[in-house]
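Descriptive analysis of the structure
So you can see what is in the structure, the chains are spelled out below.
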Amino acid sequence: NCINLHAFEARENGETKQRIFLLPAWREAPCYTDRERAALGWTEALTRLSEGREHESAYEALKAHFTEEEQVKLTLTINIINGWNRIAVGFGVWADPAAIKSAVKAVAD
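If you're wondering where the values come from, they're calculated on a predicted model, not measured in any experiment.

**Looking at the overall build of the protein chain**
- Helix and strand counts for the protein chain come out as 6 helices and 0 strands.
- Across the protein chain, helices and strands are ordered from the amino to the carboxyl terminus as α-α-α-α-α-α.
- When each of the 109 residues of the protein chain is scored for burial, the buried share is 22%.
- When contacts within the protein chain are restricted to residue pairs at least 6 apart in sequence, those whose partners lie at least 24 apart make up 47%.
- For the protein chain, the exposed surface amounts to about 7900 Å²; the carbon and sulfur share of it is 61%.
- The distance from the centre of the 13 positive side-chain charges to the centre of the 16 negative ones in the protein chain is 5 Å.

Structural data, given as structure tokens:
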């Protein structure tokens, strides 16, 4: 759900296919900034806590590129998205980006 929905939204907001396709290789791909790498590393560290990922080095990189307020906002966003993913997987929900966009537009009108 997360990849499906957010890749769709990223493309709508001008993100390139290359950067989306290279996300699994974000450490090696040259198309991400140090700030983006810090955010991706922090996201991975928090998402995979049960795998014993090195959280301290991810946190040091985060602090080097984000203000304290940005760190809190990013951490909350990571937790919210992880929560939604677990709800969707748990209940077998599939999010169709076009249907979500249509529903959001209907509510806004």
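**Describing the nonpolar core**
- Counting residues in each nonpolar core, the largest one holds 10 residues, listed as A38, A39, W42, A45, L46, A58, L62, F66, L74 and I78.
- Listing elements by their share of this core, those giving two or more residues are α3 (34-47), α4 (55-65) and α5 (68-91).
- In this structure, L74 is in contact with A39, W42, L62 and F66, ignoring residues within four places of it in sequence.

**Considerations on the packing of aromatic side chains**
- According to the stated counting rule, one finds 1 aromatic pair in the structure shown.
- Between the aromatic rings of W42 and Y59, the centroid separation amounts to 5.4 Å while the plane-to-plane angle is 40°, which identifies the pairing as tilted. Highlighted residues: W42 in helix α3 and Y59 in helix α4, separated in sequence by 17 residues.
- Using a relative accessible area of 31% as the deciding quantity, one classes Y59 as partly exposed.
- The ring centre of F66 lies 4.0 Å from the NZ or CZ of R35, which sits over that ring.

**Examining the side chain of R37**
- Inspection of the secondary structure puts R37 in helix α3.
- As a buried residue without a salt bridge, R37 has its nearest oppositely charged side chain in D34, at a separation of 4.4 Å.
- When residues no more than four places from it in sequence are discounted, the contact partners of R37 are W26, R27, E28, A29, P30 and Y32.

Reading guide: rules and limits
Residues numbered from 1 in each chain as written. Predicted model: local features only at pLDDT ≥ 70, side-chain atom pairs only at ≥ 80, totals over all residues. Heavy atoms only, no water. Helix = DSSP H or I, 4+ residues; strand = E, 2+ residues; numbered from the N terminus. Buried < 20%, exposed > 50% of the residue type's maximum accessible area, 1.4 Å probe, protein only. Contact = heavy atoms within 4.5 Å. Areas by Shrake-Rupley, 256 points an atom, 1.4 Å probe, with all protein chains shown as cover. Lys, Arg positive; Asp, Glu negative; His and termini not counted. Charge placed at Lys NZ, Arg CZ, Asp CG, Glu CD. Core = buried A, V, L, I, M, F, W, Y, C linked by side-chain atoms within 4.5 Å. Phe/Tyr/Trp six-rings, centres within 6.5 Å; stacked < 30°, edge-to-face > 60°. Lys NZ or Arg CZ within 6 Å of the ring centre and 35° of its normal. Salt bridge = Lys/Arg side-chain N within 4 Å of Asp/Glu carboxyl O.

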